[in-house]
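Letter by letter, the chains look like this.
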Amino acid sequence: MRVFVTGATGFVGSATVAELISAGHQVTGLSRSDAGAETLTRAGATVARGDVTDLQRLRKAASGAEAIIHTAFNHDASADVRQQSENDRRVIATLGAALPKNAPLIITSGTGLVQSATGGPVTETDPHAPSSVFPRAAHVTDVARLYRLALENGQWGARYHAVTQQGVTLRAIAEVLGTHMGLPIQSLTPRQAPAYFGPLLQLAQLDLPASGTQTQQRLDWNPTGPDLLTDLRNTDYTTIS
Ligand SMILES: NC(=O)c1ccc[n+]([C@@H]2O[C@H](COP(=O)([O-])OP(=O)(O)OC[C@H]3O[C@@H](n4cnc5c(N)ncnc54)[C@H](OP(=O)(O)O)[C@@H]3O)[C@@H](O)[C@H]2O)c1
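An unreviewed UniProt entry annotates the protein chain as NAD-dependent epimerase/dehydratase family protein of Streptomyces camelliae.

Have a look at this one:
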C-alpha cells in the first residue's frame, strides 16, 4: 500500500515508518527539515517536504496515497492547546480530503481525552471527554505494529488503544529517571507542584487508567516490547542532551 505518514520523523512516526517498510508498504514521510528528510531517506521512505500548517502543500503531498497515518503534532508545552487542537482538526480534514473514498486515515489522540463510562479504565468504546485536557504505556515498537495492523485490518471509525500496561505511577517513573540520570528525587506537595511543573502540571497530575484489551483482541495485536520501567532502566541516558 502507498502510505503517507505525517510526523514521520517523530518518536512514534519513525518507528511506524520502519514497521511499514519492513512489511512491504511504500512510505512517503512528511518532513519539515533537511535532517528529517535525510533520516527518512535512509529508512527507505520517499520524502515530502512541508509543514502541516501549509494545508495546500499538505494536500498535494498526500494526494496519490492509498492510506494516511497522521502522527504529527506540535508538543510545544507553551502553545495554546485549544488552538493546537483546532489546527490539528484542519490538518485531519485536509488529509481526509486528499484520500480516495473509503481509504484508511488513521489519526492519533490520547486516552487522556476519553472518559470512562464505568469509573474503571477507559476502553475503546468509551466516549471522548468534552474537554481540551491534553493527553499512556506501550512500547514504541508495539505501537508501530499497531498502526500497521490498524492500516491493514482496521475497521472504519474504530478507536484503538495502544495500551499494554496500567498503574505505572509518576513517582515510579521519576525514581528510575532520577537514579539513572543522577538527579535528586524529591516528593512535592500539591502546593509546591504548580511552580515546579509549570505548563506541564495538568499532564503530570492526570491519572490515566486505560485498557487496550479490545484492541489486542480485535487486531490480534500481541505486544512483546519491554514494560515502561524496564525500558527506562535500559535506556542509555548518556546520549540524551
Ligand atoms: N509518545 C507518546 O507517549 C504519546 C502518547 C499519547 C499520544 N501521543 C500522540 O502520538 C502522536 C505522535 O507523538 P510522538 O511522541 O511521536 O511526537 P514527537 O516525537 O514530538 O513527533 C512529532 C512529529 O510531528 C512533527 N511535527 C510537529 N509539528 C509539525 C508541523 N508543524 N509540520 C510538520 N510536522 C510537524 C515533528 O516533526 P519534526 O521532526 O520536524 O519536529 C515530528 O515528526 C502525537 O499526536 C502525540 O500527541 C504520543
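So that's the structure; there's more coming.
S.K.: Which residues make up the side chain of T71, and what values go with them?
M.R.: Within the fold, T71 resides in the loop between strand 4 (67-70) and helix 4 (81-98). Among the polar contacts made by the side chain of T71, one reaches the main-chain carbonyl oxygen of T6 at a distance of 2.7 Å. Beyond its immediate chain neighbours, meaning those up to four positions away, T71 contacts T6, G7, A8, V12, G13, T108 and Y147.

S.K.: Break down the site of the ligand for me, with residues and values.
M.R.: Every one of the 16 residues lining the ligand counts as a neighbour, but T9, V12, R32, D51 and V52 are closest to it. A distance of 2.6 Å separates an oxygen atom of the ligand from a polar side-chain atom of T9. At 3.3 Å, a backbone N or O of F73 approaches an oxygen atom of the ligand. Split into classes, the residues belonging to the shell around the ligand amount to five nonpolar, eight polar and three charged.

S.K.: Tell me about the nonpolar core, residues and numbers included.
M.R.: Core analysis: the biggest nonpolar cluster contains 19 residues, and V3, V5, V17, L20, I69 and L151 have the highest contact counts within it. The element best represented in this core is helix 5 (residues 140-153), accounting for six residues. Setting aside residues up to four positions removed in sequence, L20 forms contacts with V3, V5, H25, V27, I69, R148 and L151.

Rules used in this analysis
- Residues numbered from 1 in each chain as written.
- Predicted model: local features only at pLDDT ≥ 70, side-chain atom pairs only at ≥ 80, totals over all residues.
- Heavy atoms only, no water.
- Helix = DSSP H or I, 4+ residues; strand = E, 2+ residues; numbered from the N terminus.
- Polar contact = N/O pair within 3.5 Å; in protein donor to acceptor, adjacent residues only side chain to side chain.
- Contact = heavy atoms within 4.5 Å.
- Near = heavy atom within 4 Å.
- Nonpolar A, V, L, I, M, F, W, Y, C, P; charged D, E, K, R; others polar.
- Core = buried A, V, L, I, M, F, W, Y, C linked by side-chain atoms within 4.5 Å.
- Buried < 20%, exposed > 50% of the residue type's maximum accessible area, 1.4 Å probe, protein only.

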